[in-house]
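# Results of the structural survey
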Amino acid sequence: QLQLTTALTLEENDLEQAGAYANLGDSYEAIQNYLEAVKNHEHHLLLSQKAQNELLQIRALGSLGRAHRGLGSIRKALGYFQQRLKLSREIGDEYIEAECYADIGSIYMLLRDYMQASEAYTNQLDIAKR
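Note that the coordinates shown come from a computational prediction; the quantities given were computed from them, not determined experimentally. (Residues numbered from 1 in each chain as written. Predicted model: local features only at pLDDT ≥ 70, side-chain atom pairs only at ≥ 80, totals over all residues. Heavy atoms only, no water.)

### Topic: the overall build of the protein chain
The line we're drawing: A run of H or I in DSSP counts as a helix once it spans at least four residues, and a run of E counts as a strand once it spans at least two, with each numbered from the N terminus. Burial status follows relative accessibility: with a 1.4 Å probe on protein chains alone, a residue under 20% of its type maximum counts as buried, one over 50% as exposed, and anything between as partly exposed. Throughout, a residue-residue contact means that at least one pair of heavy atoms, one from each residue, lies within 4.5 Å. For the charge count, each Lys or Arg is scored as positive and each Asp or Glu as negative, with His and the chain ends excluded. Charge coordinates come from a single atom per side chain, which is NZ of Lys, CZ of Arg, CG of Asp or CD of Glu.
A tally of regular secondary structure across the protein chain gives six helices and zero strands. Listing each helix as α and each strand as β along the protein chain from the N terminus yields α-α-α-α-α-α. By principal-axis analysis of the C-alpha atoms, the protein chain measures approximately 55 × 35 × 20 Å. The buried share of the protein chain, taken over its 130 residues, is 38%. Pairs at least 24 apart in sequence give 44% of the contacts found in the protein chain among residues at least 6 apart. Taking the average place of the 13 positive charges on the side chains of the protein chain and the average place of its 18 negative ones, the gap between the two points comes to 7 Å.

### A word on the environment of Glu 12
Along the chain, Glu 12 turns up in helix 1 (residues 2–30). Given the relative accessible area of 49%, Glu 12 is considered partly exposed. It is 8.4 Å that separates the C-alpha atoms of Glu 12 and Ala 51, two residues lying 39 residues apart in sequence.

### Description of unusual backbone geometry
In this model, Gln 52 sits at a positive phi of 55°, which is unusual for a non-glycine residue. Tracing the chain through its elements places Gln 52 in the loop between helix 2 (34–50) and helix 3 (54–71). With a phi angle near 60°, Arg 112 is a residue other than glycine that sits in the positive phi range. Looking at where Arg 112 falls in the secondary structure, it is placed in the loop between helix 5 (94–110) and helix 6 (114–128). Owing to a relative accessible area of 65%, Arg 112 belongs among the exposed residues under this scheme.

Taken by themselves, the reported measurements are silent on function.
See the structure below:
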């Protein structure tokens, strides 16, 4: 019983820390300190993976994508958004999936790959019509 209680307490602590890192990352992102935002969102991602919390992982991946976009690391941002898309499909969340396509489309626009952007936005629209 003590082991189970300890394990649950540690898991709750990881989730609380993940949330705190997410908030810190968002704060740094708001003031355009993208390097600090990335550091905090990386901690957020690691803790959410440790806790096996898919929704927190999805949030962290999106935040990392935005922070890397802010840094100008466009291809890295795309990678995080694609990971977010994959995980949102795995859990079956179409709302998040549509958001992912919007983010991916915006990255392809920055890369001037308008065909890929159009495909991503079409996928977003298809989901929205369901």
